[in-house]
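# Structural overview for review
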Amino acid sequence: MRIAVSDLDLRYGDLIAARKITFDVRPGEFVSLIGPSGCGKSSVLRALGGLQPPSGGEITIDGDRVRGPQPTRMAYVFQDLALFPWRTARRNVEVPLELRGVPRKQRRERAEQLLARVGLTDAADQHPAQLSGGMRQRVAIARALACDAGILLLDEPFAALDEQTRLRLGGELRRLLEEEGKTVVFVTHSLQEAAYLSDRIVVLSPRPATVKEVITVPSPRPEVGSAEFHRLHAHLTDLLFAAEPA
């Protein structure tokens, strides 16, 4: 599925959160949004998901204008995860299948398949409180995949983890989503994460957010620690910390 964002404006009352945001996401592409804290990255992501109406401009998916949530087309993974603490990992993954009326036996089979895909076969009967932060992230991702949507929107899903763990889990997520053929928009504060995972990176300015640059990551993506990776990271750093025109 192709996402097109054209001249997107976002406001909260008198506060302008984003102005004239324009970029696209191609089918099967992994695009990251980065920018200073509070610049409006999450607001743009919510608008993509139909959770926040634009003040101007438009967002389309395969040419159809986004006018509200589209659960058959998009799934979400947010930083707070929103797992149900009284449900096991398996039963959390089953939630979107229950909402679609999938019979119990098929729900269980699909949930177990997805938990296996994220490496949590042995944790299916454990509750969120019994799982590590990384394992809870995997449950949330498995639940999003259970929605069977073509687009996955992720808002800082690994923010609570250390850098090494988030890069490892991010790499696993990237491979899984490539296998599933998902189109991904990923909000992150981590420049390393963006450089490591993305096909393209949309760099936003301080609020009101505007698009500073859209960077295409070399293919194949540079290895962490390589000279090419360091050049990309340095370019992202320069863009984020460059002085804004008066």
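Above this text is the structure in question.
These lines cover the structure that appears in this document, whether it is placed above or below. None of the values given here were measured: they were computed from a predicted structure.

## So, the sheet that holds strand β1 (residues 3–12)
- Pairing within the open sheet is antiparallel, and its four strands lie in the order β2-β1-β4-β5. Both outer strands of the open sheet, β2 (15–25) and β5 (64–65), are each paired with one neighbouring strand and no more.
- Summarising the sheet, strand β4 (residues 56–61) and β5 pair through two bridges and their orientation is antiparallel. When the sheet's bridge partners are listed, Thr60 is paired in β5 with Arg65.
- Its contacts with the sheet place helix α1 (residues 41–48) against β1, β2 and β4, and it is angled at close to 120° to β1.

## With respect to the environment of Pro69
- Secondary-structure assignment places Pro69 in the loop between β5 and β6 (74–78).
- Along the primary structure Pro69 and Ser205 are separated by 136 residues, whereas in three dimensions their C-alpha atoms are 26 Å apart.
- Ignoring anything within four residues of it in the chain, the contact list for Pro69 reads Gly49, Gly50, Leu51 and Tyr76.

## Describing the layout of surface pockets
- Estimates place the volume of the largest pocket at around 420 Å³.
- Elements that contribute at least two residues to the lining of the largest pocket include exactly β6, α3 (95–99) and α5 (133–146).
- Ranked by residues supplied to the lining of the largest pocket, first place goes to β6 with five residues.
- Per-class residue counts for the lining of the largest pocket are 15 nonpolar, one polar and four charged.
- What the second largest pocket holds in volume is close to 150 Å³.
- Around the second largest pocket, the lining residues are Gly171, Arg174, Arg175, Glu178, Tyr196, Leu197, Arg221, Pro222 and Glu223.

## Section: the packing of aromatic side chains
- This structure, assessed with the given rule, holds three aromatic pairs.
- Each ring, one from Tyr76 and one from Phe78, has its centre 5.6 Å from the other, and the planes form 15°; the classification is stacked.
- Among the residues examined, Tyr76 registers a relative accessible area of 23% and is labelled partly exposed.
- Consider the rings of Phe84 and Trp86, whose centres lie 5.1 Å apart with planes at 40°: the pair is tilted.
- Overall, Trp86 belongs to the exposed group, its relative accessible area being 62%.

Rules of the game
- Residues numbered from 1 in each chain as written.
- Predicted model: local features only at pLDDT ≥ 70, side-chain atom pairs only at ≥ 80, totals over all residues.
- Heavy atoms only, no water.
- Pairing = 2+ DSSP bridges.
- Helix = DSSP H or I, 4+ residues; strand = E, 2+ residues; numbered from the N terminus.
- Contact = heavy atoms within 4.5 Å.
- Axes fitted to C-alpha atoms, helices over the stretch in contact; angles between N-to-C directions.
- 1 Å grid on protein atoms, 1.4 Å probe; cavity = no way out; pocket = protein on both sides within 12 Å on 5 of 7 lines; lining within 4 Å.
- Points joined across faces, edges and corners; volume = space filled by probe spheres on them.
- Nonpolar A, V, L, I, M, F, W, Y, C, P; charged D, E, K, R; others polar.
- Phe/Tyr/Trp six-rings, centres within 6.5 Å; stacked < 30°, edge-to-face > 60°.
- Buried < 20%, exposed > 50% of the residue type's maximum accessible area, 1.4 Å probe, protein only.

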